[in-house]
Every structure is written in structure tokens, then in C-alpha cells.
2 protein chains.
Amino acid sequence: MTYSLICTKCKTIYIKEPVYKCEKCGGIIDIEYKPDGAEFRKDNAEGVFKYSKLLPVSLDQNTSLGEGETPLIKSSFLSKETGIREVWLKNEGCNPSGSFKDRASAVAISKCRQWGMDTAVIASSGNASGSAAAYCARYNVKLVVLVPERTPENKIAQALAHDPTVVKVKGAYSNSFRMAKELAEEFGWFNITSTFINPYVREGYKTIAYELFYGLKKAPDWIIIPVGAGPIFAAVYKAFFEMKSLGLVDKIPRLVCVQAKRCSPIAGAFLNEESVNAWEGSEPTIASGINDDLNGYTEDGDYTIDCIKAFDGTAVVLEEDEILKSILQLGQEGIYAEPAGAVGAGALIKLKQEKTIKENESAVIIVTGNGLKNPQPIKDKKLPVIDSIEEFNELI
Amino acid sequence: MTYSLICTKCKTIYIKEPVYKCEKCGGIIDIEYKPDGAEFRKDNAEGVFKYSKLLPVSLDQNTSLGEGETPLIKSSFLSKETGIREVWLKNEGCNPSGSFKDRASAVAISKCRQWGMDTAVIASSGNASGSAAAYCARYNVKLVVLVPERTPENKIAQALAHDPTVVKVKGAYSNSFRMAKELAEEFGWFNITSTFINPYVREGYKTIAYELFYGLKKAPDWIIIPVGAGPIFAAVYKAFFEMKSLGLVDKIPRLVCVQAKRCSPIAGAFLNEESVNAWEGSEPTIASGINDDLNGYTEDGDYTIDCIKAFDGTAVVLEEDEILKSILQLGQEGIYAEPAGAVGAGALIKLKQEKTIKENESAVIIVTGNGLKNPQPIKDKKLPVIDSIEEFNELI
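Residues numbered from 1 in each chain as written. Chains lettered and ligands numbered in written order. Predicted model: local features only at pLDDT ≥ 70, side-chain atom pairs only at ≥ 80, totals over all residues.

Novice: Which parts of the structure should I look at to understand the sheet that holds strand 10 (residues 222-226) of chain B?
Specialist: Whether parallel or antiparallel, the strands of a sheet pair through hydrogen bonds between backbone atoms. Residues and elements named next belong to chain B. Across the sheet, which stays open at both edges, the six strands sit in the order 4-5-13-10-11-12 with mixed pairing between neighbours. This sheet does not close on itself; its edge strands, each paired only once, are strand 4 (72-74) and strand 12 (314-318). Each adjacent strand pair in this sheet contributes to an overall mean axis angle of 25°, direction not counted. The pairing of strand 11 (residues 254-260) with strand 12 spans five bridges and is parallel. Bridging from a neighbouring strand, Val256 pairs with Thr314 of strand 12. Contacting strand 4, strand 5 (86-91) and strand 13 (362-367), helix 6 (residues 199-216) crosses the sheet at an angle of about 135° to strand 5. (Pairing = 2+ DSSP bridges. Helix = DSSP H or I, 4+ residues; strand = E, 2+ residues; numbered from the N terminus. Axes fitted to C-alpha atoms, helices over the stretch in contact; angles between N-to-C directions. Contact = placed C-beta atoms within 7 Å.)

This is how it looks when you write it as C-alpha cells:
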């Protein structure tokens, strides 16, 4: 819990807070902890604050809504389908707002309160704003949500239920992203936009990895993660790195970055051994939660690739029909996932076919978001209509 | 875990299983436990199986998806609004399928497997079928879902993701309900329709009460519960009755049954001191999860009224605008609830205004389902569109 801010590139250390990007070289800021005697997990703390030993929070600024401790289910269907004996599914859709973003919100809003900041700003029309709005409402932090002009109202119904200030910004997401930075600077608000811009946000995601260790009592061989810009990816990597430093695990899992083929600036660049460019796809993927073109922050993608490479990870891209199939595959596991949250299933199957993952290895799939957020109608399914038990008998 | 089936009316005891209604008098069947030495809560068991001491399950037929252990949040907004110092919110929307029904499914599907039954049948187009479909898929039980003919496909998208057999039945819900009974009889399938017809289903709901006791270390003064037919209501009552018998709590909380004015066969009958009749409303309530007319099973409503009266509980009915307001009130608590799940907020405010609940009493609101299931667009909210930080400044 004693920590410092450090640039991942030039290693400059910052004393003041918050710092979004290195003021010397523009590098991504990370948080480093000084080991202390605190327990790794405080059973009686709420939500992600159980892991406050490795979070930049003070327990008296607990802003939990009961996030985390999400189910870790042993796979039946995918395990049979691939022959991989040990497949686990981490169901992040059970978080209070239905996605892994709640882990970030809990940490970020805790910092707001600790610093006495009364307002946060976020550029997001998806899971991140729905989550931030819930935490801000409960813990009395004002929130300004910036969404692209063409965002349909039903997409932000969840955020609106918590009554933040929502403003539409003309043009593409990159304009909302830029304006969040400007407003944070102008008014001294906390910018909690969920990219690599805010190191505290990323720290919250680390708790997924701590829970995996706590549930499995080991580091799995593989962890498969849906990726937009990659803060969750970098966070899981960092968490295992920290646990290895503490002697809790003896290795760092190999991490798999999954993207939709229709928007794969990171996975595509990794597989083609190129550096990351802003994506220029004509048609968006149904996996809207990871439909991130990185326009204006391609360096985030490069950092995610560094994390893939650090311990011999890999990347997978999925076609749209493979994403739909992934939803049904997780359906057979009893999990209802939004398209972006489901892609790990299809990635596991691909990696087994390619013989990258072996039958005797263990793999965890992170299911990042709830299917209720973005229900996909099952097409071509004509439901029969009956009027009697005789008509039912004729069906079967 | 050693238990017997007993008629709540004529007290006939049954040895064979399953029994849906008393074969002598048609009464509702309940489950009674023989006290044994098992711990009240097994920390290392999964989901609701932590409370197997008071459930009709054997641990080797664990069919958990990580249900239960839902957040219990201390209220800020409603507590300030009413002056009631201790208000708690139990957020059942964090269950795997997004509602409290998962507790029932875990127990019911466990019984299916224990008995070697390969198929279950359910009449439901809402939360119950979405939940049952998930558990059946994961634990290899076939499921037949019966829905009224006019059910829109998007309402059953969640269930369809788990690929059960879905059949539309002509006419109103009562026809689907009747056909589920007929099919269960004809084919020997387990009827897990979520009314009072299946005592095992109801047992699962009891775990909400066990968790309240475990979280609060006491029985609260009041528990406020949204009610369709009332199995959850009867279950919470039964659970506290059992805990009192075991000496864990010293009283049974006063229970509040909340219904929408547009469909209030139980709350209305209680308040008018009448017996329950099938509801004949012309317009359905937006609280679809509790829009139950009881057509064909009004005796369920009478049983729920018995449970209200047993320990001096009461009932509240809410207008549609009060239900919408309840959603926004819970939004201020950081909880996103579906309309049926939100009604406890409005009920608390009413009961404080009526001076039924006092400032120094403790109250728990059960939020039964996730707002993502049934998002209500926030009306009359015209979002401003801006293009620059100057335009933002003009807004404020």
C-alpha cells in the first residue's frame, strides 16, 4: 500500500498525484509497491479491497459495491471439446454493473475521495461509464460522461439510471477521449477513462489475477483475455509479476490477447510482427466492448504487445461467426456472455487446433462482460407453437 | 440434510419424491429437516451449497454456477431520504443469470441429477427460464421451456443462448403453466416452474435469508420483498423460522410483500382483508418479473398471505411512476435494478411515511433482478451535443 508512480519507459519517479503520462517522455505510468508486512488477502475487507496490500488505496476510503469474488467455474463443454483437461472460466459478468470494469471503478473512486476531488470525467459509451456512474452515485462523486454523438440512448440506459451528467461530443470516440483529457486539465477533475491513461484504473483489474491465484492455489499455464486497448491484459501480467516477486507463484502464465478480426490493431500487429497503427475498419464488430481503434493512443497497443511478448504469450483473431459461436459455447457452460466477453472460448479452440495449448496444460478464460448487456438474438430459430400435449408429442 | 416432505395443510408426510401438491388435500408441500451435527455454513462449498445443512441436497450433486454470496450494501441515499439509520440492500442482480432464481435452479437441478432424471420442464418467459437454461446446460439436464405464444423473441434471448427446447403455447401464461404439469406427469420430467408447485425450488431461495444472517450477524427488523406468487417470500420466512429453531436468531423479521398496483392480487387482498382471486387487470405493469395474475393457483397467494400475517408483516402496492422512481433511487445507491427488482425502494419510503417502519429499526431491501434484463429508458432526458470545451463551459 506504500507505492510510487514510475514511468514504464524512462523510469522517472513521481511524488505528486495523479500523473497520467510521463511528463518527460510521454511513457505509460505504472505503480510500484514497497513490500510491507500486510497480508496478501484480507478476508473481512469488502470487494477488491481484500487485496489492498497490492492496491494504491487506503482502507478507510473503501468504495466497494461488492465487486470481485466472481465465479470461477470448471469447464465441462470446452474441456470435452478440446481435450484440455483443466479449463476454467472466470465469470466477470457477475460484477455489480455486469463487467470487469467495476474493479477499476472501485479503485479510481476511492482515489477521488482520498484526494478530496469532487468530480470525475470519463469518455465511454459502454461498460466503463455504466460502472463509473454506479460507483460515483453511491460514493457522492460527480461524474461527467462523454459519449460520441451517435451513441444510441439505449446503450447508455445503464449509466443514466445513476444520473451522471452525460454529454454527447461531435464526431468519433477519439474526440470524446480528447475532450475528457481537456476537461480534466481545465477543471482539475479525475480522468478515469479506461485506457492506459490512468494507472489507478489498471490497478483494479489486477484483482482478477489475485482471485485466480486464490481460487486455483497456483498460476495457470495460460490466461485468455479479450482485448480492446489492453489495460486488463497489462494488469493481469503485472499482478502475476508482483505475486512472483512475493514468492506466491513460481511462474507467470502465458497470456493470450484476443481481438475480433474486424478490429484487431493489436493482435494483428503482433501476428504480423509490426508496430501498432490506428485501425481503419469499415464495419464494426458485434464485439462492441473490444471495438477499439486506438486512434490517438496507439502506444497503448505497443505496450500491450510488450506484455504479450514478455512471457511468451500469443494473440488470436476471430471472425464474426466465430464470436457468435463463442457465445453459444459459453452458453453450454452455463455462462451468458456479451460478444466481447465470449471471445476467449473461440480462442481456446483455435489454440488447441494449432497445438499451441496442450491437453495437459491448464487454461483460464476471462469472460469480461454479461450477455444481458448486449443480447444477440439467436437467428434462424423458428419456435414451434402448440396448443395441446398431443401437438407436443408430434414435435418430438 | 435429512429431510421429509410434509403437507402444509393436512400434515401428511411423504416418503417418495418428488411430490408437487398434497395428494390428499391439494395443499402446498414443504420440506422439514431433522437437525443434525452439520455446520450451518460450509465455507469451502460452492454457491448455495454452503448452506446444505438446511437444503435437500447432497454435496456430491453440487450443481453450482457460483450463485449466491451477492453483495449486501449499506444504503446511503435511502437511509438519508427516510431517516432510517440502518438500511441494507441485497443485490441479487449479481447472480450468474442476473436474478435470485439461480438459487432455486442450483437446488432443483441438483435433485434432477440425484434422481437420475434427464429432463426438466418449466413454464416461464422470464428470469426463471433464463436461469434454468444455464444450469441445465452446464449440468447436462435436458430442459423444455414453455412460453406464452406472444412472448417476443428478445425476452427469451437469454434462455436461447443455453439452447434448451423452447415451445410456444397458445393463449395466456396459465396454459403454459398447465402444460408443464401435464408434460411432467406424462414423461416423468421434473417440473421446476417457479411457483409453489415445487418445494425444492423454494428451498433454494432460503439461502438469501441465511446470507443476511451471516452478513448482519442478526435478524433485521424488516425485510422488504417483491412478490409475484410469493415463493421467495415464503422461503425467507421459512429460513428465519429454521434459524430460530436452531437458536441462531432470536426473532423472525417482519416481512413486507410489495406488488405493483396494476397487478396486486396478494398485496391488494391482504390490505382489503379478502382472500386471493386471480387478477384481471387490463394493462400490465412495467414490473414484468412480478406481473403474476395467479390464474390457476390462487392458493399460492393465500399461502403468501399466511406468511405475511405469521409475524406481523405487511404489504405495499406501488403505482407505475413510483416503480420508475424506485429504479432511480436504487441508481443513487449504485445498484441497477429491473423494475420488479426495484420496488423495495419505493415500499421503504411509503412505510416510513406511514410510520410503519421507525428510524431506529433495521430494514433489508431484496433487489431481486438486474436492470440489464429490462432497461427502462430515462424519458425526457435530452442530451446536449457539444464540439469544444467552450461549448461545455456554456452548459454549466
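Okay, back to it.
Novice: Even after reading the chapter, I still don't get helix 5 (residues 173-187) of chain A, so can you show me in this structure?
Specialist: Structurally, the α-helix is built with 3.6 residues per turn, so residues lying three or four positions apart point the same way. Counted at 1.5 Å a residue, the expected span for helix 5 of chain A with its 15 residues is 21 Å, and the 21 Å between its end C-alpha atoms agrees. Here helix 5 of chain A has its buried residues at Tyr173(A), Asn175(A), Ser176(A), Phe177(A), Met179(A), Ala180(A), Leu183(A) and Ala184(A). Where helix 5 of chain A is buried, its residues meet strand 6 (119-123), strand 7 (142-148), strand 8 (165-169) and strand 9 (190-191) of chain A together with helix 12 (389-395) of chain B. Two residues or fewer after helix 5 of chain A comes Gly188(A), characterised by a positive phi angle close to 70°. (Expected span 1.5 Å × (residues − 1). Buried ≥ 20, exposed ≤ 12 C-beta atoms within 10 Å, placed from the backbone.)

Novice: Please explain the environment of Phe270(B) as it appears in this structure.
Specialist: Along the polypeptide, Phe270(B) turns up in helix 8 (residues 265-271). Between the alpha carbons of Phe270(B) and Ile305(B) there is a distance of 6.4 Å; along the sequence they are 35 residues apart.

Novice: What's the story with unusual backbone geometry in this structure? I'm lost.
Specialist: Glycine aside, the phi torsion of most residues is negative, and most peptide linkages are trans. Of note, the bond from Glu17(A) into Pro18(A) is cis; its omega dihedral lies within 30 degrees of zero at -15°. In this fold, Pro18(A) is placed in the loop between strand 2 (13-14) and strand 3 (29-33). Positive phi is not limited to glycine here, since Asp163(B) has a value of about 60°. Along the polypeptide, Asp163(B) turns up in the loop between helix 4 (157-160) and strand 8 (165-169). Judged by C-beta crowding, with 16 C-beta atoms within 10 Å, Asp163(B) ranks as partly exposed.

Novice: I keep staring at the sheet that holds strand 3 (residues 29-34) of chain B and nothing clicks. Help me out?
Specialist: Residues and elements named next belong to chain B. Spatial ordering of the open sheet is given by 2-1-3, a layout of three strands whose pairing is antiparallel. Two strands in the sheet have a free side with no partner beyond their single neighbour: strand 2 (13-14) and strand 3. Bridge analysis of strand 1 (residues 2-7) against strand 2 gives two bridges, and the strand direction is antiparallel. Note that in strand 2 the partner of Leu5 across the bridge is Tyr14.

Novice: Please clarify how the interface of chain A and chain B should be interpreted in this entry.
Specialist: Where the parts come together, the accessible area they lose is often given as the size of the interface. Taken together, the contact pairs 56 residues of chain A with 56 residues of chain B. Among the elements of the structure, helix 3 (127-138), helix 4 (157-160), strand 8, helix 5, helix 10 (320-331), strand 14 (385-386) and helix 12 (389-395) of chain A are those that each provide at least two residues to the side of chain A that touches chain B. By residue class, the composition of the side of chain A that touches chain B is 30 nonpolar, 13 polar and 13 charged. Strand direction decides the pairing type here: strand 14 of chain A and strand 8 of chain B, joined by two bridges, are parallel. The residue of strand 8 of chain B that forms the bridge with Ile386(A) is Val169(B). (Nonpolar A, V, L, I, M, F, W, Y, C, P; charged D, E, K, R; others polar.)

Novice: Explain the pairing of strand 10 (residues 222-226) of chain A to me, please; I cannot follow it from the model alone.
Specialist: It is a general feature of regular strands that their side chains alternate between the two faces of the sheet. Residues and elements named next belong to chain A. For strand 10, the tally of buried residues reaches five of five residues, placing the bulk of the element in the interior. Every second residue of strand 10 is oriented toward a common face, with Trp222, Ile224 and Pro226 on one face and Ile223 and Ile225 on the other, all of them buried. Here strand 10 pairs with strand 11 (residues 254-260) via five bridges, running parallel. Paired with Ile224 across the bridge in strand 11 is Val256. Two strands pair when backbone bridges link them, and strand 10 and strand 13 (residues 362-367) are joined in this way by three bridges, in the parallel orientation. Bridge pairing in strand 13 links Ile223 to Val364.

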